[in-house]
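Single-letter residue listing:
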6 protein chains.
Amino acid sequence: MRTAVYPGSFDPVTRGHLDLIRRGARLVDRLVVAAAVNVGRDALFTLDERLELLKAEVKGIRGVTVERFDGMIVDFVKRKRASAILRGIRTVADFEYELQMAMTNRALGGGRLETVFVMPSPQHAYLSARLIREVASLGGDVSSFVSPRVEKALRAKMRERDSWTN
Amino acid sequence: MRTAVYPGSFDPVTRGHLDLIRRGARLVDRLVVAAAVNVGRDALFTLDERLELLKAEVKGIRGVTVERFDGMIVDFVKRKRASAILRGIRTVADFEYELQMAMTNRALGGGRLETVFVMPSPQHAYLSARLIREVASLGGDVSSFVSPRVEKALRAKMRERDSWTN
Amino acid sequence: MRTAVYPGSFDPVTRGHLDLIRRGARLVDRLVVAAAVNVGRDALFTLDERLELLKAEVKGIRGVTVERFDGMIVDFVKRKRASAILRGIRTVADFEYELQMAMTNRALGGGRLETVFVMPSPQHAYLSARLIREVASLGGDVSSFVSPRVEKALRAKMRERDSWTN
Amino acid sequence: MRTAVYPGSFDPVTRGHLDLIRRGARLVDRLVVAAAVNVGRDALFTLDERLELLKAEVKGIRGVTVERFDGMIVDFVKRKRASAILRGIRTVADFEYELQMAMTNRALGGGRLETVFVMPSPQHAYLSARLIREVASLGGDVSSFVSPRVEKALRAKMRERDSWTN
Amino acid sequence: MRTAVYPGSFDPVTRGHLDLIRRGARLVDRLVVAAAVNVGRDALFTLDERLELLKAEVKGIRGVTVERFDGMIVDFVKRKRASAILRGIRTVADFEYELQMAMTNRALGGGRLETVFVMPSPQHAYLSARLIREVASLGGDVSSFVSPRVEKALRAKMRERDSWTN
Amino acid sequence: MRTAVYPGSFDPVTRGHLDLIRRGARLVDRLVVAAAVNVGRDALFTLDERLELLKAEVKGIRGVTVERFDGMIVDFVKRKRASAILRGIRTVADFEYELQMAMTNRALGGGRLETVFVMPSPQHAYLSARLIREVASLGGDVSSFVSPRVEKALRAKMRERDSWTN
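Parameters at a glance
Residues numbered from 1 in each chain as written. Chains lettered and ligands numbered in written order. Predicted model: local features only at pLDDT ≥ 70, side-chain atom pairs only at ≥ 80, totals over all residues. Heavy atoms only, no water. Helix = DSSP H or I, 4+ residues; strand = E, 2+ residues; numbered from the N terminus. Expected span 1.5 Å × (residues − 1). Buried < 20%, exposed > 50% of the residue type's maximum accessible area, 1.4 Å probe, protein only. Arc of directions from axis to C-beta. Least-squares fit on C-alpha atoms with pLDDT ≥ 70 in both. Contact = heavy atoms within 4.5 Å. Buried area = accessible area lost by both parts, 1.4 Å probe. Salt bridge = Lys/Arg side-chain N within 4 Å of Asp/Glu carboxyl O. Nonpolar A, V, L, I, M, F, W, Y, C, P; charged D, E, K, R; others polar. Phe/Tyr/Trp six-rings, centres within 6.5 Å; stacked < 30°, edge-to-face > 60°. Polar contact = N/O pair within 3.5 Å; in protein donor to acceptor, adjacent residues only side chain to side chain. Lys, Arg positive; Asp, Glu negative; His and termini not counted. Axes fitted to C-alpha atoms, helices over the stretch in contact; angles between N-to-C directions. Parallel < 35°, antiparallel > 145°, perpendicular 65-115°, else oblique. Left-handed = near helix turned anticlockwise from the far one by under 90°. Pairing = 2+ DSSP bridges.

### Considering helix α2 (residues 47-58) of chain C
All names here are of chain C. With 12 residues, α2 ought to run about 16 Å at 1.5 Å a step, and its terminal C-alpha atoms sit 16 Å apart, in line with that. Buried within α2 we find Leu47, Arg50, Leu51, Leu53, Leu54, Glu57 and Val58. Buried positions in α2, seen along its axis, are confined to an arc of 165 degrees and lie on one side of it.

### Examining the relation of the copies chain B and chain A
Between the two copies of the chain lies a relationship made up of a rotation around an axis and a movement along it. By a simple turn and slide, chain B fits onto chain A: the slide is 0.0 Å along the axis, the RMSD is 0.0 Å, and the turn is 180 degrees. On the angle and the small slide along the axis, the relation comes out as a two-fold axis. Closest to the rotation axis within chain B is the C-alpha of B:Phe117, separated from it by 2.4 Å. When the interface residues of chain B are mapped onto chain A, 100% of them are again interface residues, pointing to one common binding face.

### Here we look at the interface of chain A and chain C
Tallying the contact residues gives 5 residues for chain A and 5 residues for chain C. Counting each side, the surface lost to burial between chain A and chain C is near 380 Å², with a carbon and sulfur contribution of 74%. Our count for the chain A to chain C interface comes out at 0 salt bridges. Looking at side-chain class alone, the side of chain A that touches chain C contains 4 nonpolar, 1 polar and no charged residues.

### As for the packing of aromatic side chains
Summed over all chains, the structure comprises 15 aromatic pairs over all chains. Pairing A:Phe95 with B:Phe95 gives two aromatic rings, centres 5.6 Å apart and planes at 5 degrees, and the pair type is stacked. Pair noted here: A:Phe95 is in helix α4 (residues 92-108) and B:Phe95 is in helix α4 (residues 92-108), and the two residues belong to different chains. Neither residue differs from the other here; A:Phe95 and B:Phe95 are each classed as buried.

### Here we look at the relation of the copies chain A and chain C
Mapping chain A onto chain C is achieved by rotating through 180 degrees and translating by 0.0 Å along the same axis, at an RMSD of 0.0 Å. The residues that chain A uses at the interface reappear at the interface of chain C in 100% of cases, marking a shared surface.

### Here's the deal with the interface of chain B and chain A
Counting residues at the interface gives 29 residues for chain B and 29 residues for chain A. For the pairing of chain B and chain A, the buried interface totals around 2,500 Å² over both sides, and the portion due to carbon and sulfur atoms is 60%. The interface formed by chain B and chain A holds 6 salt bridges in total. Linking chain B with chain A are 15 residue pairs in polar contact (both at pLDDT 80 or more). Only α4 and β5 (114-118) of chain B provide two or more residues apiece to the side of chain B that touches chain A. No other element matches α4(B), which puts 7 residues into the side of chain B that touches chain A. Classifying every residue of the side of chain B that touches chain A by side-chain character gives 15 nonpolar, 5 polar and 9 charged.

### Side note on the side chain of F:Glu96
Among the secondary structure elements, F:Glu96 is positioned in helix α4 (residues 92-108). Buried and unpaired, F:Glu96 has B:Arg90 as its nearest opposite-charge partner, separated by 8.7 Å.

### Some details on the arrangement of the chains
A gap remains between chain B and chain D, which never touch, and the nearest two C-alpha atoms on either side lie 11 Å apart. Without any contact between them, chain C and chain E keep their closest C-alpha atoms 11 Å apart.

### Let's talk about the packing of α4(A) against α4(B)
It is at 10 Å that the axes of α4(A) and α4(B) come closest, and there the two elements cross at 120 degrees. The angle between α4(A) and α4(B) places the two elements in the oblique class. The chirality of how α4(A) crosses α4(B) is right-handed. Here A:Val92, A:Phe95 and A:Glu96 of α4(A) come into contact with α4(B), specifically with B:Val92, B:Phe95 and B:Glu96. A breakdown of the residues in the contact of α4(A) with α4(B) according to their chemical character gives 4 nonpolar, no polar and 2 charged.

### Observations regarding the pattern of salt bridges
Overall, the coordinates contain 90 salt bridges over all chains when judged by the stated rule. Here B:Asp29 makes a salt bridge to A:Arg2, at a shortest N to O gap of 3.1 Å. Taken together, the residues B:Asp29 in the loop between α1 (15-25) and β2 (30-36) and A:Arg2 in the segment before β1 (3-8) connect one chain to another. Bridged by salt links that share partners, the residues A:Asp19, A:Arg23, A:Arg26, B:Arg106 and B:Glu114 form one connected network.

### As for the environment of F:Ala102
Tracing the backbone through its elements, the reader meets F:Ala102 in helix α4. Considering only alpha carbons, one finds F:Ala102 and F:Phe117, 15 residues apart in sequence, at a separation of 9.9 Å. In this structure F:Ala102 touches E:Met119, F:Thr115 and F:Phe117, once residues within four positions along its chain are discounted.

### Quick notes on the pairing of strand β4 (residues 84-88) of chain A
All names here are of chain A. For β4, a buried count of 4 out of 5 residues is recorded, marking the element as mostly surrounded by other parts of the structure. Direction of pairing for β1 relative to β4: parallel, over a ladder of 2 bridges. Paired with alanine 4 across the bridge in β4 is alanine 84. Note: β4 against strand β5 (residues 114-118), 5 bridges, orientation parallel. Residue pairing across strands places arginine 87 opposite phenylalanine 117, the latter belonging to β5.

### Comments concerning the pairing of strand β5 (residues 114-118) of chain D
The buried fraction of β5(D) is high, at 5 of 5 residues. Side chains D:Glu114, D:Val116 and D:Val118 project from β5(D) onto one buried face, and the interleaved D:Thr115 and D:Phe117 project onto a second face that is buried too.

### Some details on the environment of B:Asp42
Tracing the backbone through its elements, the reader meets B:Asp42 in the loop between β2 and α2 (47-58). Exposure remark for B:Asp42: the relative accessible area of 57% places this residue in the exposed category.

### Describing unusual backbone geometry
Of note, the bond from A:Asp11 into A:Pro12 is cis; its omega dihedral lies within 30 degrees of zero at 0 degrees. Position of A:Pro12 relative to the elements: it lies in the loop between β1 and α1 (15-25). One non-glycine residue with positive phi stands out, namely D:Arg81, at about 50 degrees. Following the sequence through the fold, D:Arg81 ends up in the loop between α3 (73-79) and β4 (84-88). D:Arg81 sits in the exposed class, given a relative accessible area of 73%.

Here it is in structure tokens:
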């Protein structure tokens, strides 16, 4: 049974992530979507919120499960007995960063851990969770970037923030 | 059973190609290395020579077969009941060309044919069959770029050429 | 009155070209689509065929006319009393080539001729007329890349070619 | 009447910004230079200082006005009844970032808000306000990067800083 | 006598830095490796630790000395009567950043200070001190990225950190 | 004595080449500008013409000589007892091509032949001999791209061509 791991922050999960998950799920028997516990200071959603949104969104995509991961991704991949890391590449900047990560993970994985790359659908190639958080914080319409469920969560999160700062 | 197709010219097969074939073979059950019948005017080796060298080199790598393909790669992939095209990305220029090909093939394959990308080993990232042909034609030492078998074939081909032009 | 010139080969006009023409037409009063007389040895359509297809496709887009141009684009732009050249950028490779052309044309135009760049719609960012000609020559379905009229012209051209080579 | 908006931080305005403003002003009837209210923690000049320097520098360039903007640029563009956002592209990294912003703004603007790109003069292509702030803070000579007025303002700002830290 | 300066953070010195130092040392009579005093908030090693590790690693490479530098690199280069700055380029992102720095330093150096670039060995092209610090902080094996001496220093530093946070 | 070799086609020598030669000459004791004997089918000037123009242009730059080279550049470099190949990088596309060539030459040179890169002056970064030949063939003004001597040679060459085709 072929397993791959798709690691990320998913803060929050975007239409681009879901496109990639659907494409990845067709390529392997089992795809583990792995949300990083630590995602830096600029995080908007808590780990539990990110996991909950992810689980709701991937429900119904065959072979996909959602888990949290902490520490090095290579250790998580080994524990899952996965043969590959799945990542999307959208831009040249992505490509160079991902190449560096892939080579580092290959070295850490004893030369045999591969990262396989899939291209997202072009209309999602310009999406970034960071930019979506920014648009949402300015009150912009994010319905073409995320699912209705995530849009609702973003709006609730922004109201929550505003009530704190008032 | 998961099948992937790795298309290319292989004129001739390099250490970089073999590195990618080995990595790809670990990711799927069956990897079909597909040598293009038409490879342009600058071809050095005939289709039969390219196939013969490829077959000799991949002998012993589990799950790998070598075939010729003509026409559109998407049709070949369908006939092989493969789920993906395998390609390597070494450079930004590669990335943009491969992205264009992947999107075109996805459109031609009804939106479901994926191209998956794997990174070659860094020490092979600068190899190009075109450059190797050029070095060989100038009498340079190509032993760090191709296997001993291919090196020998390149030398024989160059002697053959020289005897024609003299 | 603001005039811009959109030069190209249009061999043949693609959905990407039309997307750019529509976007450009909204930015200026008059947009002159300028088909190059000389487009190299690999041309598929004659100048007259390229012009005819272009004219049929842009009919109904306000402010757009189609013309041929020969020689240096800067001379054509001056004759049209245009203030800018319009070009699309899709990729990094495009960007560098277009930057070089823009700087050269600026120098040839006395430092005042600007090239303005507009981004095509993402779903057209991977289209290239060269690739479309190649797909058509292999009998592939190009309906998502060009209009029905251009698709028909491509099919007719291919039949014409086949009858010559048989 | 054609209006375009040129948004930025202008912290402070550089010779590269002014080059772009001059080129942009020739392409439209009215160019609104829009200084962002929020420019992050690393800002050197206050909004009022940035606006004052900008206004002094663009005085005399026909059709150019300077304003502040807050929130989403797409809302500002609508209020100004502008047809386009103007931006410069200097590097590949710029290109990818600007492409992402342009696509996001197009989506937020209902598919019709265009961003048009102009290339700055090559001798200004390597200028960055961030780098200029850094050089100035180390006491370096910034006279080839900014106007005499901005240079003077930078020097005054550095003295002000030093008196605080002493 | 030809002197070049190789500036950097060296936090800590990696196998990639040492590869570049060895290549650079063969090109000039004297190579001054210059460790920046200020390396930002994310620094792991102190200046003294960085200098000590550097000195131990370059011992035995002919013509190489290690020094600290503060302020602008162009001033340091002048004081050393060096004719060039040495830098490595590994990626496109590097290239654009280094190009900007080289042009800025050329302007600050009166048009005559050159930056010369050398390519590291491919197997080191993916190394970054930042990534190595991250891997070490997660307890990963960094032996293929740094020398045994630096590996030991990293491990000691991590233990020191852990004892503070416990 | 430090020697470097600057190889190229120089068909014809441009202001960008001369800028690089001047910068390179300050970095080494002896700079050998090496014009390739074989420069492809699209060559405009003969080898003798290219050498003659080069020699006239570099006269007076201390330490610079002009020679022809045939075959592999690594053999030429060895014969000249040079320690490095000098090349300019202007664009990302240049960077990737030059990286590939540098790695190939390093491998062919036993791991010790370095290529050092210098950046041309920004106002020359967009020059390409190919584009200059094209502009000249269309009767455009090339005086900002090449020296008066080369401009004259280009004009003479174009008249010569026209008299053949008439």
